[in-house]
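Letter by letter, the chains look like this.
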Amino acid sequence: MELTPFMKSLGLKYPIFQGGMAWVADGKLAAAVSNAGGLGIIGAGNAPGDVVEAEIKTAKSLTDRPFGVNVMLLSPYAEDVVKVILAHQDSIAVVTTGAGNPGKYVADFKAAGIKVIPVVGSVALARMMERVGADAVVAEGMESGGHIGKLTTMALVPQVVDAVKIPVIAAGGIGDGRGMAAAFMLGAQGVQMGTRFLVATESKVHPNYKKAVLKAKDASTMVTGDFAGHPSRVLKNKMAKKYIKLEKAEALKDKPDFAELEELGSGSLRRAVIDGDTATGSFMAGEIAGMVHKEQSAAEILQDVYQQADKLLSGKD
Ligand SMILES: Cc1cc2nc3c(=O)[nH]c(=O)nc-3n(C[C@H](O)[C@H](O)[C@H](O)COP(=O)(O)O)c2cc1C
C-alpha cells in the first residue's frame, strides 16, 4: 500500500493513528506506537498542562519519531495544554482536537509547524474545520469508544471525503485490516484506532479493564449520556446500567436536571483506567471490542492490521 503524500509528510511507516484517549494514551503508549511506525497520540483529556507536559517529556525520552497530542477543547485546561504543546513544538508533529472548534489555535499551531487534525462527526463540522485551516480531519463514526456523534463510519467517511479537499482519516469501528481496507475503499487516507490499543502491552489500562475488553462480544457496548447531550460508548457494566436508568428517569421529567448524573459520571473513566473499578468505572470501548481477543504489543497490532489491509487492497490473497 502506497502512503499518500500527506501520510508520508507525517513521517509514518503505517497510516495508522493511535487515538488520543483521555487517561489511557500516555507518553509511553504514544512512543511505543510511534516507534513501531504508526502515529502515537497522547490524550490530554481534562489533565492540567503540567501533567500533559510530563507525558510529552516521557514520549520524547522514548522516541525520536513523530508523535501527537489530542487536545480536548472542552477541558478547563485547554489553553494551558496548547501553551505546553507550543513550547514543545520541535517534537510534536500533530495535534488532534476533540469536542469543539480549534479555530483560534490553528494559526499558532501552523506557525509552529504542527499539523492540526480535528476529529469530526459530521460533514458540516468537517467543512468548518477545512475553512479554519485544518490540515486533515479524522472522521469518527459512532461505533467508536468514548464520546460519539450520530453517524456510522460507513456513512460518514465517504460523505466527508466528498465534502472536503483535505485528507480524511477514518475512525470508529476499525478493529483489524479488513476495517482498515474498507476505510480506504471509502476514500480515507489513514485510520485511527482506539479500542484495539486499550489492550496493548504498553497500555497502562487496569487489568480488569483489559479483561472486560477481551471478554466483550459484539453487543457488549451501550451508549450513555444521550439524553444529556454527550453520548459516550462504554462496555455494559453496573455503572453504565445505573447511569442509563437514572438518565431515562430524569429525561421523562418536565424539567430534567442532570446534575446527579454529572456527579455519577465525574471521574468514572479514571476509576476504570486506574482502579479497574467495575462498579463505578466507565469502561469506554467501541463496538469492535468483540474482535479483540488478545493483548499484543503496539508493534504487533500495527503490523497485523497493516499487513492484512495491504493484502486485501493489493489483491495479494
Ligand atoms: C477510553 C477511550 C478514551 C477516549 N478519549 C478520547 C479523547 O480524550 N479525545 C478524543 O478525541 N478521542 C477519544 N477517544 C476516541 C479515540 O481517540 C478513537 O478515535 C476511537 O477510539 C476510535 O474508534 P474505536 O474505538 O472503534 O477504535 C477515546 C476512546 C476511548 C476508547
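Scroll up for the structure.
Residues numbered from 1 in each chain as written. Predicted model: local features only at pLDDT ≥ 70, side-chain atom pairs only at ≥ 80, totals over all residues. Heavy atoms only, no water.

Caption draft 1: Local environment of the packing of aromatic side chains. The full count for this structure, using the stated rule, is three aromatic pairs. Their ring planes at 45 degrees and their centres at 4.8 Å tell us that Tyr14 and Tyr306 sit as a pair that is tilted. Of the two residues, Tyr14 sits in the loop between helix 1 (5-9) and strand 1 (16-18) while Tyr306 sits in helix 14 (residues 298-314), which places them 292 residues apart along the sequence. Judged by its relative accessible area of 5%, Tyr14 is buried. A relative accessible area of 12% means that Tyr306 is categorised as buried. Considering the side-chain rings of Tyr209 and Phe283, the 4.7 Å spacing of their centres and the 45 degrees angle between planes classify their relative orientation as tilted. Of this pair, Tyr209 sits in helix 10 (residues 207-215) while Phe283 sits in the loop between helix 13 (268-273) and helix 14; the two residues are 74 residues apart in sequence, bridging distant segments of the chain. Residue Tyr209 is classed as buried on the basis of its relative accessible area of 1%. (Phe/Tyr/Trp six-rings, centres within 6.5 Å; stacked < 30°, edge-to-face > 60°. Helix = DSSP H or I, 4+ residues; strand = E, 2+ residues; numbered from the N terminus. Buried < 20%, exposed > 50% of the residue type's maximum accessible area, 1.4 Å probe, protein only.)

Caption draft 2: Seen up close, the site of the ligand. Close to the ligand lie 17 residues, the nearest being Glu140, Gly173, Gln192, Gly194 and Thr195. The backbone of Gly194 places a nitrogen or oxygen atom 2.8 Å from an oxygen atom of the ligand. Look at the ligand: alone it shows 600 Å² of surface, and the protein chains cover 96% of it. Of all the elements in the fold, those that place two or more residues in the shell around the ligand are strand 3 (67-72) and strand 9 (190-193). Along the lines of polarity and charge, the residues of the shell around the ligand split into six nonpolar, 10 polar and one charged. (Near = heavy atom within 4 Å. Polar contact = N/O pair within 3.5 Å; in protein donor to acceptor, adjacent residues only side chain to side chain. Areas by Shrake-Rupley, 256 points an atom, 1.4 Å probe, with all protein chains shown as cover. Nonpolar A, V, L, I, M, F, W, Y, C, P; charged D, E, K, R; others polar.)

Caption draft 3: Quick peek at the nonpolar core. Ile16, Val160, Met180, Phe197, Leu198, Tyr209 and Val213 are the most contacted members of the largest nonpolar core, which totals 60 residues. Counting residues per element, this core draws most heavily on helix 14, at six residues. The residue makeup of this core includes at least three contributed by each of domain 1 (5-204 + 292-314) and domain 2 (217-284). In this structure Val213 touches Thr195, Leu198, Val199, Leu235, Ala289 and Val292, once residues within four positions along its chain are discounted. Val71, Ala78, Ile85 and Val95 belong to the second largest nonpolar core, which has 24 residues in total. (Core = buried A, V, L, I, M, F, W, Y, C linked by side-chain atoms within 4.5 Å. Domains from an automatic or database assignment. Contact = heavy atoms within 4.5 Å.)

Caption draft 4: Seen up close, the sheet that holds strand 11 (residues 232-235). The three strands are arranged 7-11-10 in an open sheet whose pairing can be described as antiparallel. Strands at the two margins of the open sheet, each flanked by one partner only, are strand 7 (146-147) and strand 10 (221-224). Pairing analysis gives four bridges linking strand 10 to strand 11, with the strands arranged antiparallel. If you follow Thr221 over to strand 11, its bridge partner there is Leu235. Most of the contacts of helix 11 (residues 238-251) go to strand 10, to which it runs at about 40 degrees, and overall it touches strand 10 and strand 11. (Pairing = 2+ DSSP bridges. Axes fitted to C-alpha atoms, helices over the stretch in contact; angles between N-to-C directions.)

Caption draft 5: Molecular detail of the side chain of Thr97. Checked against the element boundaries, Thr97 lands in strand 4 (residues 92-98). Under the relative-accessibility criterion, Thr97 is labelled buried at 1%.

Caption draft 6: Main features of the sheet that holds strand 5 (residues 115-120). Pairing within the open sheet is parallel, and its eight strands lie in the order 1-9-8-6-5-4-3-2. Strands at the two margins of the open sheet, each flanked by one partner only, are strand 1 and strand 2 (40-43). Each strand of the sheet is rotated relative to its neighbour by a mean of 25 degrees, with strand direction disregarded. Here strand 1 pairs with strand 9 via three bridges, running parallel. Directly across from Phe17, in strand 9, lies its bridge partner Gln192.

Caption draft 7: Quick look at the packing of helix 3 (residues 49-62) against helix 4 (residues 78-87). At a minimum axis distance of 8 Å, the contact between helix 3 and helix 4 shows a crossing angle of 30 degrees. Judged by the angle between their axes, helix 3 and helix 4 are roughly parallel. For the element pair helix 3 and helix 4, the recorded crossing hand is right-handed. Residue-level contacts link Gly49, Val52, Glu53 and Ile56 of helix 3 to Asp80, Val81 and Val84 of helix 4. By residue class, the composition of the contact of helix 3 with helix 4 is four nonpolar, one polar and two charged. (Parallel < 35°, antiparallel > 145°, perpendicular 65-115°, else oblique. Left-handed = near helix turned anticlockwise from the far one by under 90°.)

Caption draft 8: Focus on helix 2 (residues 27-35). Across the nine residues of helix 2, seven count as buried, placing the element largely inside the fold. For helix 2, the set of buried residues is Gly27, Leu29, Ala30, Ala31, Ala32, Val33 and Ser34. Buried residues belonging to helix 2 abut strand 1, strand 2, helix 3, strand 3, helix 9 (195-198) and helix 14. Gly37 sits one or two residues past helix 2 and shows a positive phi near 105 degrees.

Caption draft 9: Molecular detail of the pattern of salt bridges. As enumerated under the stated definition, the model contains 10 salt bridges in all. In this structure, Lys8 and Glu2 form a salt bridge, with 2.8 Å as the shortest nitrogen-oxygen distance. For Lys8, a relative accessible area of 47% translates into the label partly exposed. For Lys110, the salt bridge identified is with Asp135, shortest N-O distance 3.6 Å. Taken together, the residues span a long stretch of sequence, with Lys110 in helix 5 (residues 103-111) and Asp135 in the loop between helix 6 (123-131) and strand 6 (137-140) at a distance of 25 residues. Assessed through its relative accessible area of 38%, Lys110 is described here as partly exposed. (Salt bridge = Lys/Arg side-chain N within 4 Å of Asp/Glu carboxyl O.)

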